[in-house]
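Chain residues, written in single-letter form:
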Amino acid sequence: MSDTSVKKIDSTHSPKGKLGQKYLASGKSISMRLWEDEQPNEDKEPASRDYETVGYVINGRAELHIEGQMILLEPGNSWVVPKGASHTYKILEPFTAVEATSPPAQVHGRDEN
């Protein structure tokens, strides 16, 4: 039997989460979200999530503070945040990035805590 769950998502109509993320395509074990034109911010408390995240910077700059390390994220960079890793982001200039999470971040409110 072939899989008929193929979807196309138009981001102009995608729902937004409480943190400003725009939800894109989502499957059973992975999902995508867009952080679009996020503005510079104050330091946020570190959090750990019940999913793994990989991301890609489209434009802007941010610092990823993870488990005692600081990683500068710039256009063309990609990164990984392992499941359960304590981390936070500091946006340095208007920032746009795409992330994929596994399992999907939005299921059961995983990314709203």
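Note that the structure is a prediction, hence the values are computed from the model and not measured.

Reading guide: rules and limits
Residues numbered from 1 in each chain as written. Predicted model: local features only at pLDDT ≥ 70, side-chain atom pairs only at ≥ 80, totals over all residues. Heavy atoms only, no water. Salt bridge = Lys/Arg side-chain N within 4 Å of Asp/Glu carboxyl O. Helix = DSSP H or I, 4+ residues; strand = E, 2+ residues; numbered from the N terminus. Buried < 20%, exposed > 50% of the residue type's maximum accessible area, 1.4 Å probe, protein only. Core = buried A, V, L, I, M, F, W, Y, C linked by side-chain atoms within 4.5 Å. Contact = heavy atoms within 4.5 Å. UniProt positions renumbered as here; feature names shortened; annotations may be inferred. Phe/Tyr/Trp six-rings, centres within 6.5 Å; stacked < 30°, edge-to-face > 60°.

1. Focus: the pattern of salt bridges
Think of it this way: side chains of opposite charge can pair up when their charged atoms draw near. Counted by the stated rule, this structure contains six salt bridges. With a closest N to O distance of 2.8 Å, arginine 33 and glutamate 99 form a salt bridge. Remark: glutamate 99 occurs in strand S6 (residues 87-102) and arginine 33 occurs in strand S2 (residues 31-38); sequence separation between them is 66 residues. Classification of glutamate 99 by relative accessible area gives buried; the value is 4%. Among the ionic pairs, glutamate 74 bridges to arginine 61, the shortest N-O distance being 3.6 Å. Pair noted here: glutamate 74 is in the loop between strand S4 (69-73) and strand S5 (78-81) and arginine 61 is in strand S3 (residues 52-66), with a separation of 13 residues, a long-range link. Look at glutamate 74 and you get partly exposed, because its relative accessible area is 32%. Here arginine 61 falls in the partly exposed class, since its relative accessible area comes to 28%.

2. Examining the nonpolar core
Membership of the largest hydrophobic core is limited to eleven residues, which are Val57, Ala62, Leu64, Ile66, Leu73, Trp79, Val81, Ala85, Ile91, Phe95 and Ala97. Per-element tally for this core: the top contributor is S3, with four residues. Apart from the residues within four sequence positions on either side, leucine 73 is in contact with Val57, Gly60, Arg61, Ala62, Leu64, Trp79, Tyr89 and Phe95.

3. What about the UniProt feature "domain: Cupin type-2" (unreviewed entry) in the protein chain?
With numbering aligned to this structure, UniProt lists the feature "domain: Cupin type-2" (unreviewed entry) at residues 39-91. Annotated as residues 39-91, this span is 0% helix and 55% strand, and its ends, taken at the C-alpha atoms, are 6 Å apart.

4. A look at the packing of aromatic side chains
Considering all chains together, one arrives at one aromatic pair under this definition. Between the aromatic rings of tryptophan 79 and tyrosine 89, the centroid separation amounts to 6.2 Å while the plane-to-plane angle is 65 degrees, which identifies the pairing as edge-to-face. A residue pair is termed long-range when its members are at least 10 positions apart, and tryptophan 79 in strand S5 and tyrosine 89 in strand S6 qualify at ten residues.

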